[in-house]
Amino acid sequence: MSALTIEGLGGKKRLRGTIPVYGAKNSVLPTMAAALLINGETVLENVPDIADVGVMAQIMRTLGAQVTEGSATLRIDARQLTGSVVDRALGKALRASVVLTGPLLARMGSVTFPHPGGDLIGERPIDLFLAGFSALGATVTETEDTYTINARDGLKGGEFFFSTVSVTGTETMLMAAALARGTVVLRNAALEPEVVALAEFLTSCGAKIEGAGTPTIVVTPVSLVEPPPYTIIPDRIEAATFLALGALLGEEITVTNLSVHHLDAVIDVLRRMGVPLTIGTDAISVSAPQVLKPVRVRTHEYPGFATDAHPPVLILLTQANGESVMIESIFDGRLQYTRELNAMGAQITQVSPHRVQVLGPTPLRGATIDTPDIRAGLAFIMAGIVAQGTTVVRRAELVDRGYAHIEERLRAVGVDIRREA
Ligand code: EPU
């Protein structure tokens, strides 16, 4: 257990400097899984130094893959896979491990995995994964807490419609389809940049994929080959978080190594709030305006406003001049952390499981808080930076799951933050 202690600025707009964005957590995890499809070696670059990558690597080693972690690189040799059972404890510790089921089933003809479980942001069902595999001819056997999927003679071609748009569901089916015997058509697929990136990686392995980034993806069977080194895309959630921090307290902050075209919805919200932005090719400079305007934000699948970007932007809403609304449309439990913000002085009223009203601006005061998840953790850090006094964010290891070297990067722009074991 570790904690991050932040000495707040009491609202003074003093942050200045450059924050680099690292490779995307939600892209590196499925791309690592996809390496299991290759009877050869995969080299990934721009890999973030986050705890979740370590857990994924550990699971993949238990399956026989050789995973070598270098400085921002990963080398994955999947020539000799020895198992297709996802370790129960590790699988449950990392919800995203569910993406391993697609490549394992495709390559090994079967996969056994634990139910990844729900978490504090809401129920996380896997019905779409099971239905998707069945649509490609696999059989599903369920025991008390594990699932076994079989496709001994390989997956066949087929069509699958996602009744709910699912990011990891689309990624998993894309990987399963890559080694299927016939053409696979995925409808109502997720449009997220991480899905497009995965399709690009698979294409670099020789896969024939059309329509990634649109609701209909068509995968035609071909055999896969060793890819050239692949660079993980920038983390758009990190970028959104640092931009929100600059809008809150920046004299001027420049967020670098980002993909501007992945940030349309965030840029739109910041502009509507009156935040000055200077947009370059792969960097955005941002400073806090005199007055932040209130705004209505609704999370949505891509290209809408990402649910993972909502907690940092909500901190911004507490400092806007008037009544803002945040509608969380993806996850049922994701607004629970707002109670802790009220204890810090925010005026947030939860009007339904999916909607809060935020009345601002309210000065915040330091507090000691346990974070429930990665994204709320970063929001609490931001609340601590804007607050008067000292804030302690406990369970900081949850923050480390998604944000590498967070203290170093925040310190570089003037945040007083330190870690205690
Ligand atoms: N859903 C189902 N059945 C399924 C799968 C999903 O009903 O079988 C529902 C979910 O309950 C949810 C909706 O579909 O209501 C969308 O969830 P989705 O499946 O898209 O979420 P995910 O793929 O599990 C990824 C990210 C999350 C991010 C969501 C939404 C990864 C590894 N995780 O999760 O990231 O919030 O998409 O964009 O890509 C995070 O990084 O902190 C994080 C939680």
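Look a little higher up for the structure.
This is a predicted model, so every value here is computed, not measured.

Q: I'm lost on the pairing of strand β7 (residues 139-142) in this one. Help?
A: On a regular strand, one side chain projects to one face of the sheet and the next to the other, so that they alternate. As paired elements, β7 and strand β8 (residues 146-150) share four bridges and run antiparallel to each other. What sits directly across from Thr139, in β8, is Asn150. Here β7 hands over to β8 after three residues, the two strands then running antiparallel side by side.

Q: Teacher, can you tell me more about the environment of Thr241 here?
A: Relative to the elements of secondary structure, Thr241 occurs in helix α8 (residues 236-249). Judged by its relative accessible area of 1%, Thr241 falls in the buried class. In this view, Thr241 contacts Pro312, Leu378, Met382 and Tyr403; residues no more than four positions away in its chain are not counted.

Q: What is the right way to look at unusual backbone geometry in this model?
A: Where the residue is not glycine, phi is negative for most of them; where a peptide bond is considered, it is trans in most cases. Here Tyr302 and Pro303 are connected by a cis peptide whose omega angle stands at 10°. Along the chain, Pro303 falls in the loop between β17 (296-298) and α10 (310-318). Although it is not a glycine, Asn188 sits at a positive phi angle of roughly 60°. Along the chain, the position of Asn188 falls in the loop between β10 (184-187) and α7 (193-204). Positive phi outside glycine occurs at Arg395, with the angle close to 60°. The topology assignment puts Arg395 in the loop between β22 (390-394) and α13 (397-400).

Q: How should the sheet that holds strand β14 (residues 250-256) be read in this particular structure?
A: Whether parallel or antiparallel, the strands of a sheet pair through hydrogen bonds between backbone atoms. Reading across the sheet, the four strands line up as β2-β14-β16-β15 and stay open at both edges, with mixed pairing between neighbours. Across the chains shown, the open sheet's two edge strands, defined by having one partner strand only, are β2 (15-20) and β15 (277-279). Averaged over all pairs of adjacent strands, the angle between strand axes in this sheet comes to 10°, irrespective of strand direction. As paired strands, β15 and strand β16 (residues 283-286) are joined by three bridges and run antiparallel to one another. Opposite Thr278, over in β16, you have Ser285 as the bridge partner. Against the sheet, α8 touches β2, β14 and β16, its axis set at about 165° to β14. Contacts from helix α9 (residues 264-272) reach β15 and β16, with the element oriented near 150° to β15.

Q: What exactly am I supposed to notice about the pairing of strand β19 (residues 347-352) here?
A: In the sheet, β19 pairs with strand β20 (residues 355-360) via five bridges, with the strands oriented antiparallel. Bridging from a neighbouring strand, Gln347 pairs with Leu359 of β20. Here β19 folds back onto β20, and the loop between the two strands holds two residues.

Parameters and conventions
- Residues numbered from 1 in each chain as written.
- Predicted model: local features only at pLDDT ≥ 70, side-chain atom pairs only at ≥ 80, totals over all residues.
- Heavy atoms only, no water.
- Pairing = 2+ DSSP bridges.
- Helix = DSSP H or I, 4+ residues; strand = E, 2+ residues; numbered from the N terminus.
- Buried < 20%, exposed > 50% of the residue type's maximum accessible area, 1.4 Å probe, protein only.
- Contact = heavy atoms within 4.5 Å.
- Axes fitted to C-alpha atoms, helices over the stretch in contact; angles between N-to-C directions.

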